[in-house]
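So you can see what is in the structure, the chains are spelled out below.
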Amino acid sequence: MLRLEGVHAGYGATTILHDVSLDVAAGEVVTIIGANGAGKTTTLRTIAGLLTPTAGRITFEGQDVTRLSGHEMVERGVTLIPEGRQLFPEMSVRENLLMGAYRRAARARQAETLEEVLELFPRVRERLDQNAGSLSGGEQQMVAIARGMMARPKLLMFDEPSLGLAPIIVSQVFAVVDRIVRSGVTVLIVEQNVFHTLQVADRGYVLENGEIVLRDEAKALLANDHVRRAYLGI
Ligand code: ATP
């Protein structure tokens, strides 16, 4: 579904990603593991069309999307749920959700999509008319994920969905990710909670200093000595 081949990308004259190649097949859950500053967010932003590669190629569903904008990528079915949620705090939860449905394929089916999404997020339904800024951190993260689902994405990318949340809320976030996967959406996830993530993922890539140094089945990564020492603290 998604393929990066030899992608270089960065900010201005600074190259952050060096020769990154990775694949995500339809229906898979793939994770990118790496330390702070390794380039995980940069990778997701590049796929989402928010950064343009300086070299290499990105294809989505067999078509070259290397130079498409963020808006065009959303239209193709690629949605990024950014780190830090980025909701509109002064707007209601409902308004925030409807903003997620700006993709053409989603706009026509807004009401139906909202119903489907609220099925996945009963707590969000109870808060529809509340200002997003008045919700707890965990509730805001659920709204951010629900907003991403409103675009009816084919590929949903999560950037640190559990950041700053209490452990019990983290489990709820992972339960939602699991339900999203089972609803047929392909997932690419960056998450500091590596142990938990490798249990829901099919495969993973380890990114260090902007380079992929390891790629394997999630089970194999859980057993890998380097991963255990560097990312699982075992
Ligand atoms: P974290 O877990 O800390 O978010 P990350 O692996 O997601 O880390 P990135 O956010 O991709 O890492 O950052 C990779 C590098 O790019 C860092 O050295 C960072 O300082 C740099 N960087 C990120 N955003 C910008 C920017 N807008 N301009 C310049 N450099 C940036």
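Residues numbered from 1 in each chain as written. Predicted model: local features only at pLDDT ≥ 70, side-chain atom pairs only at ≥ 80, totals over all residues. Heavy atoms only, no water.

Novice: Could you give an account of the overall build of the protein chain, with specific residues and numbers?
Specialist: A count of helical and extended segments in the protein chain gives 11 helices and 10 strands. Relative to its length of 234 residues, the protein chain is compact, with a C-alpha radius of gyration of 17 Å against a globular reference of 17 Å. Over its C-alpha atoms, taken along the principal directions, the protein chain stretches across nearly 45 × 40 × 30 Å. Of all 234 residues assigned to the protein chain, the portion counted as buried reaches 51%. Of all intrachain contacts in the protein chain linking residues separated by at least 6 positions in sequence, the fraction that spans at least 24 positions is 68%. (Helix = DSSP H or I, 4+ residues; strand = E, 2+ residues; numbered from the N terminus. Rg over C-alpha atoms; globule rule 2.2 N^0.38 Å. Buried < 20%, exposed > 50% of the residue type's maximum accessible area, 1.4 Å probe, protein only. Contact = heavy atoms within 4.5 Å.)

Novice: Could you give an account of the environment of Thr113, naming the residues involved and the relevant values?
Specialist: Summarising the element assignment, Thr113 is placed in helix H5 (residues 110-120). Aside from chain neighbours lying at most four places away, what touches Thr113 is Ala106, Met149, Met150 and Arg152. Among the polar contacts made by the side chain of Thr113, one reaches the side chain of Arg152 at a distance of 2.7 Å. (Polar contact = N/O pair within 3.5 Å; in protein donor to acceptor, adjacent residues only side chain to side chain.)

Novice: So what's going on with the environment of Pro89? Residues and values would help.
Specialist: Tracing the sequence through the fold places Pro89 in the loop between strand S6 (78-81) and helix H3 (93-99). When the C-alpha atoms of Pro89 and Ala132 are compared, they prove to be 4.8 Å apart, with 43 residues separating the residues in sequence. If near-sequence neighbours (up to four positions away) are discounted, Pro89 is found in contact with Asn131, Ala132 and Gly133.

Novice: Run through the sheet that holds strand S1 (residues 2-11), naming residues and quoting values.
Specialist: Reading across the sheet, the 4 strands line up as S2-S1-S4-S5 and stay open at both edges, with antiparallel pairing between neighbours. Each having just a single partner strand, strand S2 (14-24) and strand S5 (63-64) make up the two edges of the open sheet. Across 7 bridges, S1 lies against S2 in antiparallel orientation. Bridged to Leu2 within S2 is Val24. Contacting S1, S2 and strand S4 (55-60), helix H1 (residues 40-47) runs over the sheet at an angle of about 115 degrees to S1. (Pairing = 2+ DSSP bridges. Axes fitted to C-alpha atoms, helices over the stretch in contact; angles between N-to-C directions.)

Novice: Hey, could you go over the pattern of salt bridges for me, with residue numbers and the actual values?
Specialist: All chains considered together, the criterion is met by 14 salt bridges. Here Asp23 makes a salt bridge to Arg3, at a shortest N to O gap of 2.5 Å. Of this pair, Asp23 sits in strand S2 while Arg3 sits in strand S1, placing them 20 residues apart in sequence. Exposure remark for Asp23: the relative accessible area of 26% places this residue in the partly exposed category. Of the charged contacts, one joins Arg152 and Glu116 as a salt bridge, the two residues approaching to 3.6 Å between their closest N and O atoms. Of this pair, Arg152 sits in the loop between helix H7 (137-149) and strand S7 (155-159) while Glu116 sits in helix H5, and the two are 36 residues apart along the sequence. Note on Arg152: relative accessible area 22%, which makes it partly exposed. Glu116 sits in the partly exposed class, given a relative accessible area of 39%. Put simply, Arg123, Glu126, Arg127 and Glu139 are held in one network by salt bridges that share partners. (Salt bridge = Lys/Arg side-chain N within 4 Å of Asp/Glu carboxyl O.)

Novice: How would you sum up the side chain of Thr186? Please name residues and give values.
Specialist: Checked against the element boundaries, Thr186 lands in strand S8 (residues 186-190). Owing to a relative accessible area of 1%, Thr186 belongs among the buried residues under this scheme. Separated by 2.8 Å, the side chain of Thr186 and the backbone nitrogen of Gly27 make a polar contact. Setting aside chain neighbours within four positions, we find Thr186 in contact with Met1, Val24, Ala25, Ala26, Gly27, Glu28, Lys154, Leu155 and Leu156.

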